[in-house]
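Spelled out, the chains give:
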Amino acid sequence: MEVIVTILSAAVRSGTPILYATLGEILTEKSGVMNLGLEGLMLIGALTGFWTALVTGNPALAIAAAFAVGVAVSTIHAFLCVSLGANQVVSGLALTMFGTGVSSLLGREMIGETIKGLRAVPVPFLSEIPVIGKVLFHHDVLVYASYFLVVFIAWFLYVTRAGLNLKAVGDDPHVVESVGLNPVRLRYVYTLIGGGLAAIGGAYLSVVYTKMWGDQMSAGRGWIAVALVIFAVWHPMRAVLGAYLFGGVGALQLRIQAAGTSIPAPLLLMLPYLFTIFVLLVISMRKKRGIVLGAPAALGVPYQREERT
Amino acid sequence: MKYRVILERRYQVPLHLEFLCPVISIVLALAVSAVLLVSLDVSPVRAFLAMWNGAFGSWWGLSEVVVKTIPLAICGIAVAISFRMKIWNIGAEGQIYLGALATAAVVRYAYVDSFPVMFVLMLAAAAAAGGFWGGIAGYLKARWNVNEIITTLMLNYVAIHLTDYFVYGPWRDPASLGFPMTAPFPEAARLPVLADTRVHVGILIALVLVLLYRVVLRWTRWGFEIRAIGENPKAADYAGISFLKNAVLVMVVSGALAAIAGMGEIAGLQGRLQPGLSPGYGYTAIIVAWLARLNPWSIFAVSFFMGGLFVGGESLQVVMRLPLSSIQVIQGLILFFVLASEFFRVYRIHIINTEAG
């Protein structure tokens, strides 16, 4: 029992960076823009967060800075894909390359430094609930913030007017324009917010999780987040499930290794990736059987205003 | 005064733009990198000179550029075939590793002391392994519409960890003093090299593939089917062209070719299997294919340029002590600018005065 609680708690912790990136990408993709640059954004966020925490010693500021820089960098993607109608796959790949390169170039002198980072703050009362308290309420503020964010995004998407507009622009930007809204602006807004959230996910890794900067420390989590969006069928609640499942596989694999089993580490490290493929396969098979999903109809299709003279 | 911007789609892209767009993009990318370097207190002039001299300043440097052109061109062709069908094979990196793994397996378990036999065996094993790896993603895509970008990408990580498993585990050379690598390949399993350089016969394979790509796509039935599906999948479907068959086939071929690049890397160059055998050739190949607009000769030319960037990056690492991944900054920036220039290629931009009567 004790072991299971520890693993579940670790699953929440290591799932949180993926969760932030996934939530961001859900917003971006719901608006019809696909951002494959999450990996690069996470790295940039991780570096920005770490650097800010190192210089100022203020973790809150570090997270805010990561968000701001994530927003700024995804402006490139938004400009290319929304304003110029460029190929979103290529632009996303370019963003990942750029982010990987820039973070490793700028971070080369920060390797080996450590920061205090964010500390775990058990929530009063809630943390004393057996099992659930240990698993969910013995973490740092960013984990709690992610709980609120999930509920907020779900409410935003499915209850509010603005959420309806967001989904509409992802399904048919022309209709959105015909009712007097600006599809270009909407797509910009959600691409930038999504990028900022991915950067927070990255900052979680460096500021909270490891408290260090490591070259290419996101290690494919950005790509897993891209896959999780499909796993979650663009629903924030299911994103939580996916992110923690992934965190759990990672945590479990560390446990198995620590327990000194004879299974070699590289084979265990493959598990999350094989698991992603398996999950995608199951989802796609269900889709084939006609189960309706939340995929934005105009995902990846550039919006061009009709010519008027 | 009020102005309006009107976009007009061009019927034909003028020749000077075909040439100017990539050149201006590269210049702008270098300019932005220079600004970044200045902000790091690194002299961009010295950095770029170090890169240029490393890559093109000597015959040795130039031969090294050709060495890097080999895997880039082969993988460029590999991914270009699938891109023609609008199937995004992002998995060339993993397919390189699989090809290398299969090559090492042949050398370990089926070694024959004859180069021609070994060459055929290694080529076949690599192609089979890579074809299988690509085919998985192709089948999942064709049968259940599983997003191939994600599957090929995830398979990259699986392939890299699989390679790690073998070089850290059962295949590790006991004489390597604990380094994760296999024993060096015997002579008959090494590809011949040109004179005193490290340029191996892979360059011939690359050239043959460039030619084959042209011939197959332009003059064969299969090439026509690929292009038809890529241009308009619905129309191709009505015409009775099977998406399932072609998607699997194109991914098998794509994976097999990329794997051959992996074979060349270890049998031609490194002479043993070790982790990190590819510094991201599979990902760079995606840029190569895209920048070359899937045109075979351009793929070769762009590979040469990217090869120069890699060699330049290596000397940047040695001379300026900058990480090798710094060149990814330049690669990313080039892509950004080319993506932006695409807009000016496709549209003619008019600014008109709306108040003038």
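Because the structure is a prediction, the values reported are computed rather than measured.

Visitor: Quick question: what am I supposed to make of the overall build of chain B here?
Guide: Tallying secondary structure elements over chain B gives 13 helices and two strands in all. Here the C-alpha radius of gyration of chain B, 22 Å, is about what a compact globule of 357 residues would show, namely 21 Å. Sequence separation of 24 or more characterises 79% of the internal contacts of chain B that already satisfy a separation of 6 or more.

Visitor: Explain the interface of chain B and chain A here, please?
Guide: Often, the extent of an interface is quoted as the loss of accessible area upon association of its parts. At the junction of the two partners, chain B supplies 37 residues and chain A supplies 38 residues. Taken together, the elements giving at least two residues each to the side of chain B that touches chain A come down to α5 (115-144), α6 (148-168), α11 (281-291) and α13 (326-346) of chain B. The element contributing the most residues to the side of chain B that touches chain A is α13(B), with 13 residues. Classifying every residue of the side of chain B that touches chain A by side-chain character gives 25 nonpolar, ten polar and two charged.

Visitor: Explain the environment of Tyr20(A) here, please?
Guide: All names here are of chain A. Note that Tyr20 resides in helix α1 (residues 2-30). Residues Tyr20 and Ala162, 142 residues apart in the sequence, show an inter-C-alpha distance of 21 Å. Those residues within four positions of Tyr20 in sequence are excluded, and the remaining contacts are Ser146, Leu197, Ala198, Ile200, Gly201 and Tyr204.

Visitor: Whenever I open this one, the confidence of the model for chain A confuses me. Can you help?
Guide: As a general rule, the predicted coordinates of low-pLDDT regions are not to be interpreted in detail. Within chain A, residue pLDDT values average 87, and 95% of them lie at 70 or more. At the level of individual helices and strands, chain A shows its lowest average pLDDT in helix α12 (residues 265-288) of chain A, which scores 81, and its highest in helix α3 (residues 59-83) of chain A, which scores 95.

Visitor: Would you mind going over the pairing of strand β2 (residues 347-353) of chain B with me for this structure?
Guide: Along any regular strand, the residues point their side chains to alternate faces of the sheet. All names here are of chain B. For β2, a buried count of zero out of seven residues is recorded, marking the element as mostly open to its surroundings. Relative to β2, strand β1 (residues 3-9) runs antiparallel, the two sharing seven bridges. Of the residues in β2, the one forming a bridge with Glu8 is Arg348.

Visitor: Quick question: what am I supposed to make of the environment of Ile260(B) here?
Guide: All names here are of chain B. Position of Ile260 relative to the elements: it lies in helix α10 (residues 243-270). Since 28 C-beta atoms lie within 10 Å of it, Ile260 is described here as buried. With 182 residues separating them in the primary sequence, Ile260 and Ala78 have C-alpha atoms 9.8 Å apart.

Visitor: Got a minute to help me understand the environment of Met122(B) in this structure?
Guide: Residues and elements named next belong to chain B. Within the secondary structure, Met122 sits in helix α5. The exposure class assigned to Met122 is buried, which follows from the 26 C-beta atoms found within 10 Å. Sequence separation between Met122 and Ala267 is 145 residues; the distance between their C-alpha atoms is 8.6 Å. Discounting residues that sit within four places of it in the chain, Met122 has contacts with Thr103, Val106, Ala189, Met263 and Ala267.

Visitor: Just to check I follow, could you spell out the nonpolar core for this structure?
Guide: What tends to happen in soluble globular proteins is that the nonpolar side chains get buried as a cluster. Residue and element names in this part refer to chain B. Counting 214 residues, the largest nonpolar core has Ile74, Cys75, Ile77, Ala259 and Ile260 as its most contacted members. A total of 16 residues in this core trace back to one element, the largest contributor, which is α10. Aside from chain neighbours lying at most four places away, what touches Ala259 is Gln95, Ile96, Leu98, Gly99, Ala102, Ala126, Ala127, Ala129 and Gly130.

Conventions used here
- Residues numbered from 1 in each chain as written.
- Chains lettered and ligands numbered in written order.
- Predicted model: local features only at pLDDT ≥ 70, side-chain atom pairs only at ≥ 80, totals over all residues.
- Helix = DSSP H or I, 4+ residues; strand = E, 2+ residues; numbered from the N terminus.
- Rg over C-alpha atoms; globule rule 2.2 N^0.38 Å.
- Contact = placed C-beta atoms within 7 Å.
- Nonpolar A, V, L, I, M, F, W, Y, C, P; charged D, E, K, R; others polar.
- pLDDT = per-residue confidence, 0-100.
- Buried ≥ 20, exposed ≤ 12 C-beta atoms within 10 Å, placed from the backbone.
- Pairing = 2+ DSSP bridges.
- Core = buried A, V, L, I, M, F, W, Y, C linked by C-beta atoms within 7 Å.

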